[in-house]
Amino acid sequence: MNPEHQVIIIPFSSDLKEPIKTLNIEWLNKYFKIEPKDERVLSNPQEEIIDKGGMIFYAKYKDAIVGTVSLLKMNDTIFELSKMAVTDSVQGLGIGKKLMEHCIKAAEENHIEKIIIYSNRRLVPAISLYRKFGFEEIPVDEGIYERADIKMEKLF
């Protein structure tokens, strides 16, 4: 494969503050609406995710940031996989799978015991991806996100 056509996963840096917001707003506007919690986290990823012990990763393809995912720290052993988005123009290239593989590896390296995900059943490809990586459905907590009608977890 031509190296410029490879997808590489890179960590968040202060010069890459905007892609998490633009990528997530793209899909939120397409399927749902932007909730106050989304606006707060996406506008301040350094303060809301990184400074609280979380991680943000980006997928880079042809010198452009085309995908993102975050691991939000809930406590020392539980993280929430959140803010996963891949721009429409490159969907179908396995970028979501690469982002998920990277998160699983990061969880193992950081001795995370559980990852949880809040999602919506309308997002069939995403739910299928989560199941392929060993996530299982558990009862949903009320009031986390209006759009969340499914909660999943993966134990390590």
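All values derive from a computational prediction rather than experimental measurement.

## Description of unusual backbone geometry
The phi torsion at Lys-83 lies on the positive side, around 55°, for a residue other than glycine. In this fold, Lys-83 is placed in strand E4 (residues 78-86). Of note in this structure, His-111 is not a glycine but carries a positive phi near 55°. Mapped onto the fold, His-111 is located in the loop between helix H4 (95-109) and strand E5 (114-119). On the basis of relative accessibility, which here comes to 63%, the residue His-111 falls in the exposed class.

## Things to note about the pattern of salt bridges
Within the structure shown, the criterion is met by 15 salt bridges. Taking the shortest distance from any N to any O, the salt bridge between Asp-88 and Lys-30 comes out at 3.2 Å. Of the two residues, Asp-88 is situated in the loop between E4 and H4 and Lys-30 in helix H1 (residues 18-31); the sequence distance between them amounts to 58 residues. A relative accessible area of 38% places Asp-88 in the partly exposed class. Connected through shared salt-bridge partners, Glu-35, Asp-38, Lys-83 and Arg-147 make up one network.

## Brief notes about the environment of Ile-115
Among the secondary structure elements, Ile-115 is positioned in strand E5. With 34 residues separating them along the chain, Ile-115 and Leu-81 place their C-alpha atoms 6.4 Å apart.

## A look at the packing of aromatic side chains
Two measures describe an aromatic ring pair: the distance that separates the ring centres and the angle between the ring planes. Here the structure, examined in full by the defined rule, presents five aromatic pairs. On the basis of an interplanar angle of 90° and a centroid distance of 5.8 Å, the ring pair of Trp-27 and Phe-32 is categorised as edge-to-face. Aromatic pair Tyr-31 and Phe-32: ring centres 6.3 Å apart, planes at 45°, arrangement tilted. For Tyr-31, a relative accessible area of 30% puts it in the partly exposed group. A cation over an aromatic ring shows up here: Lys-154 above the ring of Phe-156, its NZ or CZ 5.5 Å from the ring centre.

## Quick look at the side chain of Glu-35
Relative to the elements of secondary structure, Glu-35 occurs in the loop between H1 and helix H2 (36-43). Taking the relative accessible area as the measure of exposure, Glu-35 reaches 7% and is therefore buried. In this structure the side chain of Glu-35 is engaged in a polar contact, spanning 3.0 Å, whose partner is the backbone nitrogen of Glu-146. Glu-35 has contacts with Tyr-145, Glu-146 and Arg-147, leaving out every residue within four places of it along the chain.

Procedures and definitions
Residues numbered from 1 in each chain as written. Predicted model: local features only at pLDDT ≥ 70, side-chain atom pairs only at ≥ 80, totals over all residues. Heavy atoms only, no water. Helix = DSSP H or I, 4+ residues; strand = E, 2+ residues; numbered from the N terminus. Buried < 20%, exposed > 50% of the residue type's maximum accessible area, 1.4 Å probe, protein only. Salt bridge = Lys/Arg side-chain N within 4 Å of Asp/Glu carboxyl O. Phe/Tyr/Trp six-rings, centres within 6.5 Å; stacked < 30°, edge-to-face > 60°. Lys NZ or Arg CZ within 6 Å of the ring centre and 35° of its normal. Polar contact = N/O pair within 3.5 Å; in protein donor to acceptor, adjacent residues only side chain to side chain. Contact = heavy atoms within 4.5 Å.

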